[in-house]
Amino acid sequence: MNAIVFDHVSKHYGDVLAVDDLSLAIEPGKTVALLGPNGAGKSTSINLLLGLLKPTAGTVAVHGRTPDEAVRAGQMGAMLQNGALIPELSVKELIDLVRRLYPNPLALDEILKLADLTDLAGRRANKLSGGQSQRVRFALAIAGAPRILLLDEPTAAMDVESRLRFWASMHDYASGGRTVLFATHYLEEADEHSDRVIVIARGRLAADGTAAEIKAGAGGHTVSFALGDQPAAGLDRLPGVTAVEVAAGVATLHTSDTDATLAALYRGTSLDVRELKLSSADLEAAFLALTRES
């Protein structure tokens, strides 16, 4: 049974279509990055998954249950972008309060260790920095030992070192076969920390696969060289080439097969190829290409 299923889900806000006929399935034990530009429908999709919103059409299932049933059973934990902490309580008191609301919570010391909060256990919530508050929100999300963990921009307000510690904690938690779905604007985090990447644009599924597959599918490599005044005609027909850009006398070929493109460039054209450069497109380039297309 899949951990998460969206079956032809749409969500309207009046005349605005935030999620448009979205269908996807996520297997248990996977760490999945959810990407999309602002207004793409990421937060709406997460709220639908938590049962905070109801779909206008279609169904959402969590381990075969409705989102409401899964939340009541303590199967889901969420770290959202907003949500204030109780200022008068210490970190330890706040986490212990929340964990006691669940039928089978993690031990308090284990939560503090996983969220890297042991040294901050006695500090009051209103004395925390932005990054420390994010770590407390993560601790509250895992307090009930949920099978599915939803993280919406989890490393916002964290410095570089705090981000590294956070992702180490997340991987420790996910290693027990739990499913993690996180939305982020830091594309390098999606590249490094996910088994799978889902890209949403205008409420629809724009891409779904590993980061490597998405980069390759969006023109994963580029070949550029000084074209000068030479004609660019025919470059788009070279093997592997998916797109051609010419600017300031430089030709850039986006290709899915660098070897085939280079062989044809040298042997199949009469161009004088100089200042050749090869590069691999990163996830940001693929993301921009996909969202532009959408």
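- Per an unreviewed UniProt entry, the protein chain carries the name ABC-2 type transport system ATP-binding protein and comes from Nonomuraea jabiensis.
- UniProt annotates the protein chain under Subcellular location (unreviewed entry) with the comment "Cell membrane".

**As for the nonpolar core**
Phase 1 of the analysis: Residues Ile 95, Leu 117 and Leu 151 are the most contacted members of the largest nonpolar core, which totals 47 residues.
Phase 2 of the analysis: The element that contributes the greatest number of residues to this core is helix α5 (residues 130-142), accounting for 6 residues.
Phase 3 of the analysis: Three or more residues apiece are contributed to this core by two domains, here domain 1 (4-209) and domain 2 (219-293).
Phase 4 of the analysis: When near neighbours in sequence (up to four residues on either side) are disregarded, Leu 117 contacts Val 91, Ile 95, Leu 112, Gln 132, Arg 135, Val 136 and Ala 139.
Phase 5 of the analysis: Grouped together as the second largest cluster of nonpolar side chains are 26 residues, Ile 4, Ala 40, Val 62 and Leu 181 included.

**With respect to the environment of Phe 166**
Phase 1 of the analysis: Along the chain, Phe 166 turns up in helix α6 (residues 160-174).
Phase 2 of the analysis: Taking the C-alpha atoms as reference, Phe 166 lies 27 Å from Leu 24; in sequence the two are 142 residues apart.
Phase 3 of the analysis: Setting aside anything within four residues of it in sequence, one finds Phe 166 in contact with Met 79, Phe 138, Leu 151, Pro 154, Thr 155 and Met 158.

**A look at the domain arrangement of the protein chain**
Phase 1 of the analysis: If you check the domain split of the protein chain, you get domain 1 (4-209) and domain 2 (219-293).
Phase 2 of the analysis: With 10 residues of domain 1 at the interface, the matching set in domain 2 holds 5 residues.
Phase 3 of the analysis: Counting the surface lost from both domain 1 and domain 2, the interface buries some 630 Å², and carbon and sulfur atoms represent 89% of this.
Phase 4 of the analysis: Our count for the domain 1 to domain 2 interface comes out at 0 salt bridges.
Phase 5 of the analysis: At the boundary of domain 1 and domain 2, one finds 0 residue pairs in polar contact (both at pLDDT 80 or more).
Phase 6 of the analysis: Elements represented by at least two residues in the side of domain 1 that touches domain 2 include exactly α7 (187-193), β8 (196-201) and β9 (204-209).
Phase 7 of the analysis: Broken down by element, the side of domain 1 that touches domain 2 gets its largest block of residues, 3 residues, from α7.
Phase 8 of the analysis: Here the residues of the side of domain 1 that touches domain 2 are counted per class, giving 8 nonpolar, 1 polar and 1 charged.

**What to know about the pattern of salt bridges**
Phase 1 of the analysis: Tallied over the full model, the rule gives 9 salt bridges.
Phase 2 of the analysis: Here Arg 100 and Asp 96 are joined by a salt bridge, their closest N and O atoms 3.0 Å apart.
Phase 3 of the analysis: Across the salt bridge formed by Arg 165 and Asp 116, the nearest N and O atoms sit 2.5 Å from each other. Residue Arg 165 is found in helix α6, and its partner Asp 116 is found in the loop between α4 (108-114) and α5; the two are separated by 49 residues along the sequence.
Phase 4 of the analysis: Residue classification places Arg 165 among the partly exposed positions, given a relative accessible area of 29%.

**With respect to the sheet that holds strand β4 (residues 57-62)**
Paired through backbone hydrogen bonds, the strands of a sheet run either parallel or antiparallel to each other.
Phase 1 of the analysis: On the basis of which strands lie adjacent, the open sheet formed by 3 strands has the order β2-β1-β4 and antiparallel pairing. With partners counted over all chains shown, the strands left at the sheet margins are β2 (16-26) and β4, one partner each. On average, each strand axis in the sheet is tilted by 20° relative to the strand beside it, whichever way the strands run.
Phase 2 of the analysis: Pairing of strand β1 (residues 4-13) with β4, which is carried by 5 bridges, proceeds in the antiparallel orientation. The residue of β4 that forms the bridge with Ser 10 is Ala 57.
Phase 3 of the analysis: Contacts from helix α1 (residues 42-49) reach β1, β2 and β4, with the element oriented near 120° to β1.

**Here we look at the sheet that holds strand β7 (residues 179-183)**
Phase 1 of the analysis: Spatial ordering of the open sheet is given by β5-β6-β7-β3-β8-β9, a layout of 6 strands whose pairing is mixed. Two strands in the sheet have a free side with no partner beyond their single neighbour: β5 (76-79) and β9. Strand-to-strand, the axes of this sheet are offset by a mean angle of 15°, without reference to chain direction.
Phase 2 of the analysis: Two elements, strand β3 (residues 31-35) and β7, share 4 bridges in a ladder whose sense is parallel. Across the sheet, the residue bridging to Leu 34 is Ala 183, located in β7.
Phase 3 of the analysis: Strands β5 and β6 (148-152) of the sheet are contacted by α5, whose axis makes an angle of about 170° with β5.

**So, a nonpolar patch on the surface**
Phase 1 of the analysis: Side chains of Tyr 266, Leu 276 and Leu 278 sit close together on the surface and give an oily, nonpolar patch of about 290 Å² of accessible area.
Phase 2 of the analysis: Residue placement: Leu 276 occurs in strand β13 (residues 274-280).
Phase 3 of the analysis: Given a relative accessible area of 32%, Leu 276 falls into the partly exposed group.

Reading guide: rules and limits
- Residues numbered from 1 in each chain as written.
- Predicted model: local features only at pLDDT ≥ 70, side-chain atom pairs only at ≥ 80, totals over all residues.
- Heavy atoms only, no water.
- UniProt positions renumbered as here; feature names shortened; annotations may be inferred.
- Core = buried A, V, L, I, M, F, W, Y, C linked by side-chain atoms within 4.5 Å.
- Buried < 20%, exposed > 50% of the residue type's maximum accessible area, 1.4 Å probe, protein only.
- Helix = DSSP H or I, 4+ residues; strand = E, 2+ residues; numbered from the N terminus.
- Domains from an automatic or database assignment.
- Contact = heavy atoms within 4.5 Å.
- Buried area = accessible area lost by both parts, 1.4 Å probe.
- Salt bridge = Lys/Arg side-chain N within 4 Å of Asp/Glu carboxyl O.
- Polar contact = N/O pair within 3.5 Å; in protein donor to acceptor, adjacent residues only side chain to side chain.
- Nonpolar A, V, L, I, M, F, W, Y, C, P; charged D, E, K, R; others polar.
- Pairing = 2+ DSSP bridges.
- Axes fitted to C-alpha atoms, helices over the stretch in contact; angles between N-to-C directions.
- Patch = residues over 30% accessible without salt bridge, like charges linked within 9 Å, V, L, I, M, F, W, Y side chains within 5 Å.
- Areas by Shrake-Rupley, 256 points an atom, 1.4 Å probe, with all protein chains shown as cover.

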